[in-house]
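# Structure at a glance
Listed below, chain by chain, are the residues.
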Amino acid sequence: QQALLLVLSIFWIFCNYLDDVECLIRPLRPICHRRSTALRCVNAIVATNRQAGFEYEFEEKYEAGIKLCGTEVKSCRKGQVQLNDGHVQINDGECWLSGVHIAEYSGCGNKFQHLPKRNRKLLLSRKEILKLEQRILQRNLEIIPIRMYFTELELVKVELGVGKKKSLNDKR
């Protein structure tokens, strides 16, 4: 039995080593890992806002981190996110993402659940926030979330687009 356990543990270590080597060889392709019930993918897109490209003309795009609680991250892994009504507000030198719906996680009780449409803090540097705030005030631009995705380190990021709303004639 001890020999069998030793062989199984060496096999398990070897499989994990091959998994790490595969990540180093091909980092651009999404690599999926199966842990518990959720599927975790590197560089996986959680949600996209296709309507934003139709209604807005973007001048610049930014990448921002987002502050989420545990059940929100689990819902993001399941792909239960809607960015269609989302927009960004800047209050007191902080960026807030509002109007984004992240569904409640079905695997836990009501005590630990999050509110689906609460305001979520975006993590940007102070310089980026000041630059965005000046552009919004001077040129009457809006900040809209374009897509939400996981990075290689399994962090949730949001791609933000800064632009103007298109007129009715430009929507082709």
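Position numbers for residues start from 1 in each chain and track the written sequence from start to end. Two thresholds apply to this predicted model, a pLDDT of at least 70 for residue-level local features and 80 or more for giving and counting side-chain atom pairs, whereas whole-chain, interface and lining totals are computed over all residues. Excluded from the side-chain calculations are hydrogens and water; all other atoms, namely the structure's heavy atoms, are used.

### Thoughts on the confidence of the model for the protein
Defined as follows: By definition, pLDDT measures how confident the predictor is in each residue, and it falls between 0 and 100. Residues are treated as being in contact if the distance between any of their heavy atoms lies within 4.5 Å.
The predicted model of the protein has a mean per-residue pLDDT of 80, with 78% of residues at 70 or higher. When the criterion is pLDDT under 50, residues 17–31 qualifies, and its contacts beyond four places in sequence or with other chains add up to 12 contacts. Within the model, pLDDT remains below 50 along residues 34–39, and this stretch shows eight contacts once partners closer than five positions in the same chain are excluded.

### Considering the side chain of R77
Heads up, the rule is: Each helix is a run of DSSP H or I of at least 4 residues and each strand a run of E of at least 2, with the numbering of both proceeding from the N terminus. Polar contact criterion, stated in full: a pair of N or O atoms within 3.5 Å, where within protein one must be able to donate a hydrogen and the other to accept it, and residues adjacent in sequence count only if both atoms are side-chain atoms.
Mapped onto the elements of the fold, R77 is located in helix α3 (residues 70–78). A polar contact is formed between the side chain of R77 and the side chain of E154, at a distance of 3.4 Å.

### Describing the packing of aromatic side chains
Note the threshold: Two rings from Phe, Tyr or Trp (for Trp, the six-membered ring) form a pair when their centres sit within 6.5 Å of each other. Planes less than 30 degrees apart are called stacked, planes more than 60 degrees apart edge-to-face, and all others tilted. Accessibility here uses a 1.4 Å probe with only protein chains present; expressed as a share of the type maximum, an area under 20% marks a residue as buried, one over 50% as exposed, and anything in between as partly exposed. Any Lys NZ or Arg CZ found within 6 Å of a ring centre and within 35 degrees of that ring's normal is scored as a charge over the ring.
Counted according to the given criterion, the structure contains one aromatic pair. Seen in terms of ring centroids, Y56 and F58 are 6.2 Å apart; in terms of plane orientation they differ by 20°. Their pairing is stacked. Of the residues examined, Y56 reaches a relative accessible area of 10% and is grouped as buried. Using a relative accessible area of 22% as the deciding quantity, one classes F58 as partly exposed. If you follow R147 out to its NZ or CZ, it ends over the ring of Y149, 4.3 Å from the centre.

### Examining helix α4 (residues 126–139)
To be explicit about the condition: One fewer than the residue count of a helix, multiplied by 1.5 Å, yields its expected span.
The end-to-end C-alpha distance of α4 is 20 Å, a good match for the 20 Å that 14 residues give at a rise of 1.5 Å each. N140 sits one or two residues past α4 and shows a positive phi near 60°.

### A look at unusual backbone geometry
The phi dihedral of D92 is positive, around 55°, even though this residue is not glycine. Assignment of secondary structure puts D92 in the loop between β6 (87–91) and β7 (94–98).

### So, the sheet that holds strand β9 (residues 120–123)
Basically, it comes down to this: In this analysis, strands are considered paired if DSSP registers two or more bridges between them. The axes are straight lines fitted to the C-alpha atoms, using for helices just the contacting stretch, and the angles between their N-to-C directions are given from 0 to 180°.
Strands sit in the order β3-β10-β11-β4-β9-β7-β6 across an open sheet of seven strands; the sheet is antiparallel. Each edge of the open sheet is held by one strand with a lone partner, namely β3 (45–48) and β6. Strand-to-strand, the axes of this sheet are offset by a mean angle of 40°, without reference to chain direction. Note that β3 and strand β10 (residues 142–150) share three bridges and pair antiparallel. Considered in β10, the bridge of A47 is made with M148. Strands β3, β9 and β10 of the sheet are contacted by α3, whose axis makes an angle of about 75° with β10.

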